[in-house]
Each structure stands twice: as C-alpha cells, then as structure tokens.
Amino acid sequence: MQTVAVIDYGMGNLHSVAKALEHVGAGRVLITSDADVIREADRVVFPGVGAIRDCMAEIRRLGFDSLVREVSQDRPFLGICVGMQALLDHSEENGGVDCIGLFPGAVKFFGKDLHEDGEHLKVPHMGWNEVQQKVDHPLWHGIPDLARFYFVHSYYIAAGNPRQVVGGGHYGVDFAAALAEGSRFAVQFHPEKSHTHGLQLLQNFAAWDGRW
C-alpha cells in the first residue's frame, strides 16, 4: 500500500485533509513532522492555513524548506492554500516575507477596496468560485472546466511563469488558482472542503504518477 505524508508544521487543516485522502482511498495517510517519514512517503501533501510569516518561521525552524524542495522533485507533491503560497518566491503579507521559491511569482493582497462592476467585494475571498482549467493536467481528470471549488484567502498569487498556471480564478482580479511543474501541483482552494470536485482532485492525485 502506498503512503501519503501530510506535512505537519503546526499550521494546517491537517485532519480534514487526511480524512479526505483516506475517503478517496489514497492509501496509508500519515500526518507527520518526521523528515525521514516524509522522505520515505510515496506522495507528499503540504497544507497550510494562517499567516505566512508564522508559517515560514516554522517551516524554516524545522528545515522543511529544504525538505520540500527535495521531496517535491521526484514524487507527486500537492500544496494546498497557504501551503501553495509558501512555494512562491515572496509574499507581501506582514510587510513582506520570503518564501520557499519553487514557483516564481509573488503573493499579493486583494486590497481593502476591491470592486467589480461597481460592487464592493469582501476580503477575505471566502466561498465557492469557478476555476478555469488552463491546460489538460492529470489532476483535472473527471472534473469539468469552470467547476467550483471552496476558497478562503485574503492574498492571491501573481504567477511569474504563465506556463505554470494550470488553473485560473477571478475575484476582482485574475489570479492563479492552481500551479504545476513536473511532479509539483499546488492549489489555492481547499479540495478537502470542495465536495465532489475536490474529492475527485484528491483521487486523481492518489493515482497520479507525477509525470506531466
């Protein structure tokens, strides 16, 4: 049976992610902060919630920045929400925070005065939003284009390489809802809270060989 390591650095919605993975039959799901266990896993999930400065402080304290660079190179790797944002170069949250830098680009604030068509948009962006599939990626298998996923975020990703944007969202501004490169895939939304389509994405991740 394959193992899926859910990285625990104290800043993620770990149990709901793990239960969703178990629900789709992803294999033996381990919530762990043990670097050796993570290195030995067949697949790795990197979730996250909260303030990026606190997240990055814990990631660096535990040495998980270098670990994430290592394990995401040679096996299926999924970043979720702040776990996705942490993979970018830099976030402007909390006055500016350097991140892991696996994907070029920046994490930017939606702003306090976000409008569209004369309507004020609330920040954080919270709720269901369409995701436009930019490319035919294995993790989109069985999921219709413009399917709705559940988001909770005040900051959005401005990708540095448009070719890595495999899913796009819009909330006052266009933003990267999903990024991919090699065996790495990352999403701004919460698949574990996105019902049928989110579970399908996790099932696709469990079956993916990491090639694209």
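On a predicted model such as this, the values are computed, not experimentally measured, just so you know.

Engineer: How should the nonpolar core be read in this particular structure?
Structural biologist: In terms of nonpolar packing, the biggest core is built from 73 residues, with L21, V45, F46, L87, W140 and F185 touching the most fellow members. For this core, the element with the most residues is strand β14 (residues 173–181), which contributes six residues. Apart from residues lying up to four places away in sequence, L87 is in contact with F46, V68, F77, I100, G101, L102, F103 and A186.

Engineer: I would appreciate a short explanation of the UniProt feature "active site" (unreviewed entry) in the protein chain in the present structure.
Structural biologist: Here, UniProt's "active site" (unreviewed entry) annotation points to C81, H190 and E192. Look at the named residues: they lie 112 residues apart in sequence, but the longest C-alpha span between them is just 11.0 Å, so in the fold they bunch up. Examined against the element boundaries, H190 turns out to sit in the loop between β15 (184–187) and α6 (195–207). For H190, a relative accessible area of 3% gives the class buried. Once residues lying within four places of it in the same chain are set aside, the contact partners of H190 are V49, I80, C81, Y150 and V152. Only 2.8 Å separates the side chain of H190 from the side chain of E192, close enough to count as a polar contact. Considering the arrangement of structural elements, one finds E192 in the loop between β15 and α6. Take E192: its relative accessible area is 13%, and that puts it in the buried class. E192 has contacts with N13, S16, V17, A20, I80 and L202, leaving out every residue within four places of it along the chain.

What counts and what doesn't
Residues numbered from 1 in each chain as written. Predicted model: local features only at pLDDT ≥ 70, side-chain atom pairs only at ≥ 80, totals over all residues. Heavy atoms only, no water. Core = buried A, V, L, I, M, F, W, Y, C linked by side-chain atoms within 4.5 Å. Buried < 20%, exposed > 50% of the residue type's maximum accessible area, 1.4 Å probe, protein only. Helix = DSSP H or I, 4+ residues; strand = E, 2+ residues; numbered from the N terminus. Contact = heavy atoms within 4.5 Å. UniProt positions renumbered as here; feature names shortened; annotations may be inferred. Polar contact = N/O pair within 3.5 Å; in protein donor to acceptor, adjacent residues only side chain to side chain.

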